[in-house]
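Each chain, written out:
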Amino acid sequence: MVARPPSKRPRKPAGRPRRRDLPALLLDIHDRLLAAYGPQGWWPGDGPMETIFGAILVQNTSWGGAEKALRNLKAAGALSPQAIRDMPEDELAALIRPSGYFKSKARKLKAMAAHLATHGDDVGRWRERDAKELRAELLGVWGIGPETADDIVLYAAHLPSFVMDAYTVRIVDRLGIQPAKRTYEGYQALFEANLPVDVALWNEYHALLDAHARLTCKKRAPLCGACAVRDVCTEGRRPDSAG
Ligand code: SF4
């Protein structure tokens, strides 16, 4: 290999990455998180119906609570759209109590089960749909917001829709690459516009960001000293950052 002469250009001062550097930076961050945490195997659960109902049950709670609610539904033979439609709402609410907000979530499950009936309870053909069109349709179901719709589009229909959540917003802000529009769609566009459209990549990336926020980039005391992306992080490079 021919050695390159040292560059005469002054080094770019550390700071906010330029917009045109974002595609490479985002892929680099993905690769480092993958090396640090390994493949996450999302979505946890069995089949598209479990993913759809799990995406509702995990709203405003941890996956542990949602998982207990799913286990209760399974044990009661109620983890299907038909069973959810047939079950009285108060019985359904009692089964999903561990997920919190169980009364409104029971109503949301019923609204989604009613919507699934309009597809003959068959979501296999959702894979052939346009992602944005399916997302818009799901947003029309009572109780389905952007994050839940994106969870369903990405993890149940296996179509490209980058999932945004509070964890990802926290990491993006600390990295110093926040979008100009600090809305759900603004943060989502940061990833969607700068990454290859690749369902497997987007699936893994969201799961890795979740792991990173839980295990390292914690809300109150981020473990910057043990962070795989510290050298590209505005917050991590501050002299007073942890570690
Ligand atoms: S360096 Fe610190 S603030 Fe930055 S991503 Fe890592 S853990 Fe979060």
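Here the structure is a predicted model, which is why all the values come from computation and not from measurement.

Here we come to the overall build of the chain. The helix and strand inventory of the chain stands at eleven helices and zero strands. Counting from the amino terminus, helix and strand elements in the chain follow one another as α-α-α-α-α-α-α-α-α-α-α. C-alpha extents for the chain along the principal axes are approximately 70 × 40 × 35 Å. For the chain, buried positions account for 33% of its 243 residues. By sequence separation, contacts in the chain at least 24 residues apart represent 61% of the contacts at least 6 residues apart.

Quick look at the site of the ligand now. By nearness alone, 14 residues border the ligand, and Cys217, Cys224, Cys227, Cys233 and Gly236 come closest of all. When grouped by side-chain class, the residues that make up the shell around the ligand number nine nonpolar, two polar and three charged.

On to the domain arrangement of the chain, then. Domains assigned within the chain are domain 1 (19–40 + 163–232) and domain 2 (47–156). The distance between the C-alpha centroids of domain 1 and domain 2 comes to 26 Å. Contacts between domain 1 and domain 2 engage seven residues on the former and six residues on the latter. Residue contributions to the side of domain 1 that touches domain 2 peak at three residues, all from helix 11 (residues 199–215). Of the residues belonging to the side of domain 1 that touches domain 2, the class tally is five nonpolar, one polar and one charged.

Reading the values: the criteria
- Residues numbered from 1 in each chain as written.
- Predicted model: local features only at pLDDT ≥ 70, side-chain atom pairs only at ≥ 80, totals over all residues.
- Helix = DSSP H or I, 4+ residues; strand = E, 2+ residues; numbered from the N terminus.
- Buried ≥ 20, exposed ≤ 12 C-beta atoms within 10 Å, placed from the backbone.
- Contact = placed C-beta atoms within 7 Å.
- Near = placed C-beta within 6 Å.
- Nonpolar A, V, L, I, M, F, W, Y, C, P; charged D, E, K, R; others polar.
- Domains from an automatic or database assignment.

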